[in-house]
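Observations on the three-dimensional arrangement
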Amino acid sequence: MNPVLTREMRARWRGRSFVFLLGYLLLLAFAVVWLYGEHDTSQVNRFGASSGRASLGSMAQIGHDLFLHLTWMQTLCWMLLAPALTSTSIASEREHGLLEGVQLTPLAPWRIVSGKLLSALGFSALILLASLPIVAVCFLMGGVSPQEFAQALLLQIATATGGALIGLWCSSRSRRANSALSWTFGLIIAWGVSSFVGFILWDSGFTAPAKASLWQQLRHDLCGLLGQTNPILAALLIANPQMMRMGGAARVPGISILAIDAPAWAISSGFQLALGALLFWLATRAVRKPLPDPLWLEPSKKSRQKPLRRRTRTKRGEQSQSEDAADDEQAMDGSASRPVSKWDLPLTAFIRSSNPVFQREARSKFRLRRMPLPHTLAIAAVGLLVLYWYLRLMRLAFATPGSRASVWSTICILGAILLMVVSTLLGAGAFARERESRTWDGLRLSLLTRPQLIAAKLLAPLLACLIYSMPLWPLLALCLLRDGITGQWSPGGVAIEQALGTVGVLAATAWFCTAWAMWVSWRCRRVVVAVGWSMVTLFFAFVLMPVFLTIEADSSRATEQFLMLWHPIFAIIEINSSSQSNPYYTEILARVVWCVIFLLAAGGALLLSLFAQMRREKGNPV
């Protein structure tokens, strides 16, 4: 048997994997019971069943709806869980200096990678098999065919395999586990968002239905193919195939340059398996030999200066020996073979504080490194795409005053999502990174007080979020322009109350997410664990909980009003979708203010709890 697989399986089950498995099953069972309770009354009233009992048709409809929701929720879990199982497997060993020992063994590189992969897939298969009895409840109610169940099962297996291979490839190309985790979920989120946008564009039928050009036909088919690679959309299309007939394919007949006559689940599964095979080969090549030395950008002109050599009046041989010694010293320092240290943004020169921890943390947030050429090209391509849409939105906001409200709302919603992710990632390494690098004892025994340490760890991520959001300020400022003729706010523009409320929600969101990530980081010893728990808990609070609350359409308005009191995305959507003519405009502003107060108070409570835990730390000086 593969020794890597044996070690990985034993190490995985020595932890708290059974607790995670039990929690996953309990959450899935609770979702089934809750969805059944929500659908029971509405379906009984719809089909007119008497005596409070649902008819056969209503039970079949309930079973079909349960299967639909369980399918897409499980697919989403596999899309996030499978990469997390493998994203740190190789990078953590490289970070702790254990990978070299594995590379020197007689094991072939493909056996090392396959051992890591099979360990994660074995755990995923156990979770999938353990959840089958819960999913089988849908068969007892009817409305689900064995064909649909088999298609959903194959899609989930392909999603778990593809996600695990994405995480494994990122782990094989990273030096640190935290970097591998960031790259993995960055690729997953980019793929999910881009495929969803492609499906929306394909579904909107943006091409000309009569005489479409070759580029329009190609663009339409590419968007359709990209959209159908999304596993969540493919899972929805299994139980609800009518979505395919509502899209652009029905409005643009005869366009079939790249169109594939296959169901969405087959396209998504084939794409993920083919991509997984390619990533497995690339991961094997990355494990075959050590990674090249990292290249760092130079911090200043002083680092580019060569070390001075002694000018001595000796013989030529002795002089060459002194030059060789200087070259050796220069090579040891790293300035001869490659640029030394890091490159700080010019902004770091203005960061001056009496708190040395804040100065160090703030400067570390503005350091860049020279990445390998493929990574640089990928980031450059994404940057050009973002710049194109940025200039296009700026032109739209400047030339069309009626579109300024929609531009403002779109930028603020996307900015809120990005802000939650970035602030959580920056705050999760506050204390866990100090413990990993074994520098926390030095900080704890220093003259800095606990409030100073907490303030330094908190303000540095907030300052980084503020600085990195500066490119969006000109675009948002265009949405606040007055009408040049009347001097009034332009019709369809953004009012000052809406702008202040949105900015307040964004600031409170960054405060709360950073405080929560710091609180989790205090309770973890590794950065990867802190990042994982922070992202999972915020995903459950800000994504899964609103989904559960908004499934039932009968109570959608009451649910939206409740979510506005604490959810930043709903607060931003509500305040920007209403106008001053709305009779409930004052009430909406009050809810937004309450959302800001709630987020600030929750973040403050977390910081107070963190301060209390730091006081109770064993050996902490008074």
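Every residue gets a number counted from 1 within its own chain, in the order that chain's sequence is written. A pLDDT threshold of at least 70 governs which residues receive local features in this predicted model, and a stricter bar of 80 or more applies before side-chain atom pairs are shown or counted, although totals over entire chains, interfaces and linings include all residues. Each side-chain value is derived from all of the structure's non-hydrogen atoms; neither hydrogens nor water enter the calculation.

**Considering the overall build of the chain**
Quick reminder of the rule: Counting from the N terminus, the helices are DSSP H or I runs at least four residues long and the strands are E runs at least two residues long. Three labels apply to residues, based on accessible area from a 1.4 Å probe with only protein chains included: buried if under 20% of the type maximum, exposed if over 50%, partly exposed otherwise in between. Note on definitions: a residue-residue contact is assigned when non-hydrogen atoms from the two residues lie within 4.5 Å. The method behind every accessible area is Shrake-Rupley, applied with a 1.4 Å probe, and residues are considered shielded solely by the protein chains displayed.
When you go through the chain residue by residue, the secondary structure sums to 28 helices and two strands. Every one of the 622 residues in the chain was classed for burial, and the buried ones make up 42%. Of the contacts made within the chain by residues no fewer than 6 positions apart, 82% connect residues no fewer than 24 positions apart. Taken as a whole, the chain presents about 33,500 Å² of accessible surface, with 66% of it coming from carbon and sulfur.

**Some details on the pattern of salt bridges**
How we decide: What counts as a salt bridge is simple: a side-chain nitrogen of Lys or Arg found within 4 Å of a carboxyl oxygen of Asp or Glu.
In the structure shown here, the tally under the stated rule is eleven salt bridges. Note that Lys 116 is salt-bridged to Glu 8, the shortest N-O span being 2.7 Å. In this pair, Lys 116 sits in helix α6 (residues 109-130) while Glu 8 sits in helix α1 (residues 3-13), placing the two residues 108 residues apart along the sequence. Comparing Lys 116 with Glu 8 shows no difference in burial state: the two are buried. A salt bridge links Glu 434 to Lys 457, with the shortest nitrogen-to-oxygen separation between them at 2.7 Å. On the criterion of sequence distance, the pair formed by Glu 434 in helix α20 (residues 432-436) and Lys 457 in helix α22 (residues 450-468) is long-range, its members being 23 residues apart. Each of the salt bridges in this network shares a partner with another, and the network as a whole consists of Arg 360, Glu 361, Lys 365, Glu 434 and Lys 457.

**Details of a nonpolar patch on the surface**
For clarity, the threshold we go by: Note that patches include only residues with greater than 30% relative accessible area and no salt bridge, and the join distances are 9 Å for like charges and 5 Å for nonpolar side chains (Val, Leu, Ile, Met, Phe, Trp, Tyr).
There is a patch of nonpolar side chains on the surface, built from Ile 189, Val 193, Phe 196, Val 197, Ile 200 and Leu 201 and spanning about 500 Å² of accessible area. Mapping Ile 189 onto the fold places it in helix α10 (residues 177-204).

**Notes on helix α12 (residues 231-239)**
Applicable threshold: Between N or O atoms, a polar contact is any pair within 3.5 Å; within protein, one atom must be a potential hydrogen donor and the other a potential acceptor, and residues adjacent in sequence are included only when both atoms are from side chains.
Counting buried positions over the nine residues of α12 gives seven, a clear majority of the element. Looking only at α12, the buried set comprises Pro 231, Leu 233, Ala 234, Ala 235, Leu 237, Ile 238 and Ala 239. Taking the backbone nitrogen of Ile 232 as reference, a side-chain oxygen 3.0 Å away marks Asn 230 as the first, capping residue of α12.

**A few points about unusual backbone geometry**
Positive phi outside glycine occurs at Arg 438, with the angle close to 60°. Mapped onto the fold, Arg 438 is located in the loop between α20 and α21 (440-444).

**Digging into α6**
Going by this rule: In a helix, the anticipated span is given by 1.5 Å times the number of residues less one.
With 22 residues, α6 ought to run about 32 Å at 1.5 Å a step, and its terminal C-alpha atoms sit 32 Å apart, in line with that. Turning to α6, its buried residues number three or more, namely Ile 112, Val 113, Ser 114, Gly 115, Lys 116, Leu 117, Ser 119, Ala 120, Phe 123, Ser 124, Ile 127 and Leu 128.

**Remarks on the nonpolar core**
The line we're drawing: Residues belong to a common nonpolar core when they are buried Ala, Val, Leu, Ile, Met, Phe, Trp, Tyr or Cys residues joined through side-chain atoms within 4.5 Å.
Counting 74 residues, the largest nonpolar core has Phe 431, Phe 512, Met 518 and Met 614 as its most contacted members. The greatest single-element share of this core, amounting to 13 residues, is contributed by helix α24 (residues 496-522). Apart from residues lying up to four places away in sequence, Met 518 is in contact with Gly 427, Ala 430, Phe 431, Ile 454, Lys 457, Leu 458, Leu 607 and Leu 610. Counting 51 residues, the second largest nonpolar core, distinct from the first, contains Val 4, Leu 21, Leu 68 and Ile 238.

**Description of the environment of Pro 461**
Along the chain, the position of Pro 461 falls in helix α22. Pro 461 sits 96 residues away from Lys 365 along the chain, and the two C-alpha atoms are 7.6 Å apart. Once residues within four sequence positions are removed from consideration, Pro 461 is found in contact with Leu 426 and Thr 514.

**Notes on the packing of aromatic side chains**
Worth spelling out the cut-off: Each Phe, Tyr or Trp ring (for Trp, its six-membered ring) is paired with any other whose centre lies within 6.5 Å, and the angle between the two planes then decides the class: stacked below 30 degrees, edge-to-face above 60, tilted in between. Any Lys NZ or Arg CZ that is within 6 Å of a ring centre and within 35 degrees of that ring's normal is treated as a charge sitting over the ring.
The final tally for this structure, using the stated rule, is ten aromatic pairs. When the ring of Phe 562 is compared with that of Trp 566, the centres are 6.3 Å apart and the planes differ by 65°; the resulting orientation is edge-to-face. Residue Phe 562 is classed as partly exposed on the basis of its relative accessible area, which comes to 45%. What links up through ring pairs into an aromatic cluster is the set Phe 512, Phe 542, Phe 562 and Trp 566. Over the face of the ring belonging to Trp 522 we find Arg 435, whose NZ or CZ atom lies 4.7 Å from the ring centre.

**Quick word on the confidence of the model for the chain**
Low-pLDDT portions of the prediction should not be read for the details of their coordinates. This is how it is decided: Along the chain, pLDDT gives the predictor's confidence residue by residue, from 0 to 100.
Within the chain, residue pLDDT values average 78, and 77% of them lie at 70 or more. Mean pLDDT across the elements of the chain bottoms out in helix α13 (residues 248-251) (40) and peaks in α24 (93). Here residues 44-54 is a poorly scored stretch, pLDDT under 50, and it has eleven contacts once near neighbours within four places are set aside; other chains count. Confidence drops under a pLDDT of 50 for residues 484-490, and excluding neighbours within four residues, the segment shows twelve contacts in the predicted structure.

**Considerations on the packing of helix α17 (residues 356-364) against α22**
Short version of the rule: To obtain each axis, a line is fitted to C-alpha atoms, and for helices this fit is confined to the stretch in contact; angles are then taken between N-to-C directions over 0 to 180 degrees. Here roughly perpendicular refers to angles of 65 to 115 degrees, roughly parallel to angles under 35, roughly antiparallel to angles over 145, and oblique to all remaining angles. We call a crossing left-handed when the near helix sits turned anticlockwise from the far one by less than a right angle, and right-handed when that turn is clockwise. Here the nonpolar group is Ala, Val, Leu, Ile, Met, Phe, Trp, Tyr, Cys and Pro; Asp, Glu, Lys and Arg are the charged ones; every other residue, Gly included, is treated as polar.
The interhelical angle for the contact between α17 and α22, taken along N-to-C directions, is 25°, at an axis separation of 8 Å. Between α17 and α22, the angle falls in the class roughly parallel. At the point where α17 passes α22, the crossing takes the right-handed sense. Contacts between α17 and α22 involve Val 357, Phe 358, Arg 360, Glu 361 and Ala 362 from the first element and Leu 453, Ala 456, Lys 457, Leu 459, Ala 460 and Leu 463 from the second. Of the residues that constitute the contact of α17 with α22, the class distribution is eight nonpolar, no polar and three charged.

**Remarks on the packing of α22 against α24**
With their axes 10 Å apart at the nearest point, α22 and α24 run at an angle of 135° to one another. In terms of axis orientation, α22 runs oblique to α24. As for how α22 packs across α24, the hand of that crossing is right-handed. Residues Ile 454, Lys 457, Leu 458, Pro 461 and Leu 462 of α22 pack against Ala 510, Trp 511, Thr 514, Ala 515 and Met 518 of α24. Of the residues that constitute the contact of α22 with α24, the class distribution is eight nonpolar, one polar and one charged.

**Observations regarding the environment of His 69**
Tracing the backbone through its elements, the reader meets His 69 in helix α3 (residues 56-86). Sequence-wise, His 69 and Phe 548 are 479 residues apart; in three dimensions their C-alpha atoms are separated by 9.9 Å.

**Topic: the side chain of Asn 576**
Within the element layout of this structure, Asn 576 appears in helix α27 (residues 568-577). Looking at Asn 576, its side chain comes within polar contact range of the main-chain oxygen of Ile 572, at 2.7 Å. Contact partners of Asn 576, with chain neighbours within four places excluded, come to Trp 408, Ser 409, Gln 498 and Thr 502.

**Remarks on the state of the cysteines**
We count it as follows: By convention in this document, the label disulfide applies to cysteine sulfur atom pairs within 2.5 Å.
For the coordinates displayed, the defined rule picks out zero disulfides. Between Cys 513, a cysteine without a disulfide, and Cys 465, which holds the nearest cysteine sulfur, the sulfur-to-sulfur distance is 9.3 Å.

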